[in-house]
Amino acid sequence: MTIAVFASGSGTNFERLVQVSREERWLVPIVVLICDQPGAHVLKRADRLGVPSYVFSPKAFETKAAYEQAVYDVLRRHDVTWIVLAGYMRLVGPTLLDAYPNRIVNIHPSLLPAFPGKNAVGQALAHGVKVTGVTVHFVDEGMDTGSIIAQRAVDVSETEDEHSLTAKIQAVEHELYPHIVRQLTEEETTKSDIVERAVT
Ligand code: GAR
């Protein structure tokens, strides 16, 4: 059992997940980064952390299914059982959803179902909300629509701008996401261990 992180951009969540997983010696390790953006900063973080990374540019494939099949081939080689999206700005298609039922999670910078999709922080500011937050959820075929696993609220102050609110939200993400990912993946490990012991 292993974890793959998917990311498209800066990768602060990816880095935090790797650091915490190593500090806490998670039972289910993060073994690979999948990135859909050649040149994304997250690839530099992966190199620095010594995590193998693979870049697949969807444009290089004729179909989304072909792109995801290529990704899936890598995941199988690494015995990946959980996919953790961390700023992966792309809808997951049927190829990966069918291969990982209820095994793909995402983090989103709002209290879903408010402000799905891109620029959730900007959307929240434009609406003048006083509270926004962070959601961890299972991934389904929709845009940030899967069932919610955990949420944390973040207050929006009178003087908030996109920069300051993003920083507040990311600080919460960096605490919440590792905690939830560990819980989900280890819960399963412990359960299967109990089943195996009951059978033998
Ligand atoms: C994070 O804030 C994450 O919640 C968001 O992208 C950012 C990635 O930051 N994800 C989405 O908006 C998904 N719809 P990072 O690259 O520094 O981890």
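Residues numbered from 1 in each chain as written. Predicted model: local features only at pLDDT ≥ 70, side-chain atom pairs only at ≥ 80, totals over all residues. Heavy atoms only, no water.

## Details of the packing of helix α1 (residues 12–23) against helix α2 (residues 41–49)
Here comes step 1: Remark: α1 packs on α2, axes separated minimally by 9 Å, with the N-to-C direction vectors making an angle of 20 degrees. Between α1 and α2, the crossing angle belongs to the class labelled roughly parallel. The handedness of the crossing between α1 and α2 comes out as right-handed. Together, Thr12, Phe14, Glu15, Val18 and Arg22 of α1 and Val42, Arg45, Ala46, Arg48 and Leu49 of α2 make up the contact between the two elements.
Here comes step 2: Residue composition of the contact of α1 with α2, grouped by class: 5 nonpolar, 1 polar and 4 charged. (Axes fitted to C-alpha atoms, helices over the stretch in contact; angles between N-to-C directions. Helix = DSSP H or I, 4+ residues; strand = E, 2+ residues; numbered from the N terminus. Parallel < 35°, antiparallel > 145°, perpendicular 65-115°, else oblique. Left-handed = near helix turned anticlockwise from the far one by under 90°. Contact = heavy atoms within 4.5 Å. Nonpolar A, V, L, I, M, F, W, Y, C, P; charged D, E, K, R; others polar.)

## Notes on the UniProt feature "site: Raises pKa of active site His" (unreviewed entry) in the protein chain
Here comes step 1: As annotated in UniProt, the feature "site: Raises pKa of active site His" (unreviewed entry) corresponds to Asp144 in the numbering used here.
Here comes step 2: Within the fold, Asp144 resides in the loop between β6 (131–138) and β7 (148–155).
Here comes step 3: Here Asp144 falls in the buried class, since its relative accessible area comes to 14%.
Here comes step 4: Every residue in contact with Asp144, bar those within four places of it in the chain, is listed here: Asn106, His108, Leu112, Pro116, Gly117 and His137. (UniProt positions renumbered as here; feature names shortened; annotations may be inferred. Buried < 20%, exposed > 50% of the residue type's maximum accessible area, 1.4 Å probe, protein only.)

## Concerning the pairing of strand β1 (residues 2–7)
Here comes step 1: In terms of residue burial, β1 counts as a mostly covered element, since 6 of its 6 residues are buried.
Here comes step 2: Side-chain alternation along β1 places Thr2, Ala4 and Phe6 on one buried face and Ile3, Val5 and Ala7 on a second face that is also buried.
Here comes step 3: The sheet contact formed by β1 and strand β2 (residues 30–35) spans 5 bridges and is parallel. Within β2, the residue paired with Phe6 across the bridge is Ile34.
Here comes step 4: In this region the chain leaves β1, passes through α1 and returns to the parallel neighbour β2; the handedness of that crossover is right-handed. (Pairing = 2+ DSSP bridges. Right-handed = clockwise from strand over helix to strand, strands pointing away.)

## A short note on the packing of aromatic side chains
Here comes step 1: By the definition in use, this model includes 4 aromatic pairs.
Here comes step 2: Look at Phe56 and Phe61: their rings are 6.4 Å apart centre to centre, the planes differ by 50 degrees, and that puts the pair in the tilted class.
Here comes step 3: In this structure Phe56 comes out as buried when scored by relative accessible area, which is 14%.
Here comes step 4: Its relative accessible area of 25% is what places Phe61 among the partly exposed residues.
Here comes step 5: Their ring planes at 65 degrees and their centres at 5.9 Å tell us that Phe61 and Tyr67 sit as a pair that is edge-to-face.
Here comes step 6: Among the residues examined, Tyr67 registers a relative accessible area of 2% and is labelled buried.
Here comes step 7: Through a chain of ring-to-ring contacts, three or more aromatic side chains come together here, namely Phe56, Phe61 and Tyr67. (Phe/Tyr/Trp six-rings, centres within 6.5 Å; stacked < 30°, edge-to-face > 60°.)

## Digging into unusual backbone geometry
Here comes step 1: Of note, the amide linkage connecting Leu112 to Pro113 takes the cis form, showing an omega dihedral of 15 degrees.
Here comes step 2: Within the secondary structure, Pro113 is located in the loop between β5 (104–108) and α5 (120–127).
Here comes step 3: A positive phi angle, close to 55 degrees, is found at Asp79, a residue other than glycine.
Here comes step 4: Position of Asp79 relative to the elements: it lies in the loop between α3 (64–77) and β4 (80–85).
Here comes step 5: In this model, Asn102 sits at a positive phi of 55 degrees, which is unusual for a non-glycine residue.
Here comes step 6: For Asn102, the position within the fold is in the loop between α4 (94–99) and β5.
Here comes step 7: On the accessibility criterion, Asn102 (53% relative accessible area) is exposed.

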